[in-house]
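Listed here are the chains, written in short residue letters.
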Amino acid sequence: MVDPTIEAPSRIFIACARCKARKRKCDGDTPRCSNCVAHNTECNYAAIRRTRGPGKKGRGAEIQEKSTSEPCDTINTPDNADLSAANAAGRRSPNEVSSTDVSPMLLNGKKIPFIFPHFFLSNTFAQDISTFKSQIREATSKGGFSPLMPLHMSRRLIEIAFEDIIPEPHFINFESFMQLFEAQYADNASSPGQDIARWALVNGVTALAGRFKMLPGSEDDLSPIHLSFYRNARLVLPQLIGQDPSLLSVRAILVMAMFARGIPDAKTFTMLVKNASDQLETLERAWSLTILPLTMSQREEFIRVYKFANELAQEANQV
């Protein structure tokens, strides 16, 4: 029998904006919830509570009612014969396949466009992964760079993994990274192009995201892919260390260190953290001597990068 004196736990009807965005449980405390207090971040609540629309049953009935006069076709996806015909002139690489399939599909009796990355279609995924891995093996055997993944795949991977792989406080924010990411693809998707630090950072973050989202049991198939991105970044490391330091080059080295930590490769992890710390010290000396102009935003960015590098340095000292 339930004790009537025990009160039922109160239900939190409104979560703060940060908890909603990160899909975390919010205790609803004001002025800041416990999650925001723990991460020392700003906590905001929506002024107007958004309400849910009709349930699945209601939506299904509405769609069914509107589509009674429309013909019902089956899901149409390209088969192997279609792919063979499309590639008759030569096998296309994953970077060259179309980004979406827009053939119709049915949802509760309603015919709607079926939009899905072509690379992930069930009847092409294994073949495209095999082709991509062949490109990686060929590039590795020649000592060159491996190509980046198709843009639509990489973009989506970064979008869903960034908050989980870049710890708070972010030593690079999402918007800034995506600008560099898009610029790298626009410049060159198979070699560093005009900026080796940008190339190293984009490959390092892509490697971290790929490893984070890799499903258990798929390591043998997918590990060579994100390891190839880490290798892309490592190939330009001597140039990163030898050139004049920048916050971008420090971030790239720190991302490589994060990946090495998870392999795990303690020796490489320690080496990378030390090089990142050395570059930060060089930057700090240059700024203190006013050799380089320093804006307020640059100082704030420097502090965030410095704090994260210091955390990794403390961890490296314990290895």
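Residues numbered from 1 in each chain as written. Predicted model: local features only at pLDDT ≥ 70, side-chain atom pairs only at ≥ 80, totals over all residues. Heavy atoms only, no water.

This brings us to the overall build of the protein chain. Of regular secondary structure, the protein chain possesses 13 helices and four strands. By the burial criterion, 37% of the 319 residues in the protein chain qualify as buried. Taking the contacts inside the protein chain whose residues are at least 6 apart along the sequence as the reference set, 62% of them involve residues at least 24 apart. Total accessible area on the protein chain stands at roughly 19,100 Å², and carbon and sulfur atoms take up 54% of it. (Helix = DSSP H or I, 4+ residues; strand = E, 2+ residues; numbered from the N terminus. Buried < 20%, exposed > 50% of the residue type's maximum accessible area, 1.4 Å probe, protein only. Contact = heavy atoms within 4.5 Å. Areas by Shrake-Rupley, 256 points an atom, 1.4 Å probe, with all protein chains shown as cover.)

Looking now at the nonpolar core. Judged by nonpolar contacts, the single largest core of 61 residues is most densely connected at Phe171, Phe177, Leu240, Leu254 and Met256. Examining the composition of this core, we find that twelve residues originate from one element, helix α11 (residues 247-262), more than from any other. Setting aside its immediate chain neighbours within four residues, phenylalanine 171 contacts Ile166, Arg251, Leu254, Val255, Met258, Arg304, Val305 and Phe308. One finds Cys26, Cys33, Cys36 and Cys43 within the second-largest nonpolar core, a separate group that totals six residues. (Core = buried A, V, L, I, M, F, W, Y, C linked by side-chain atoms within 4.5 Å.)

What follows covers the confidence of the model for the protein chain. Any segment with low pLDDT has predicted coordinates that should not be analysed in fine detail. The pLDDT averaged across the protein chain works out to 76; a share of 71% of its residues lies at or above 70. Note on residues 1-12: pLDDT under 50 across the span, and three contacts to partners over four residues away in sequence or across chains. For residues 48-117, every residue scores under 50 in pLDDT, and the model assigns this stretch 86 contacts once sequence neighbours within four places are set aside. (pLDDT = per-residue confidence, 0-100.)

In this section: unusual backbone geometry. Omega for the bond connecting threonine 30 with proline 31 falls within 30 degrees of zero, at 5°, which places this linkage in the cis form. Along the chain, the position of proline 31 falls in the loop between α1 (17-22) and α2 (34-39). The step from isoleucine 263 to proline 264 runs through a cis peptide bond, and the omega angle for that step is -5°. As for its placement among the helices and strands, proline 264 is situated in the loop between α11 and α12 (266-288).

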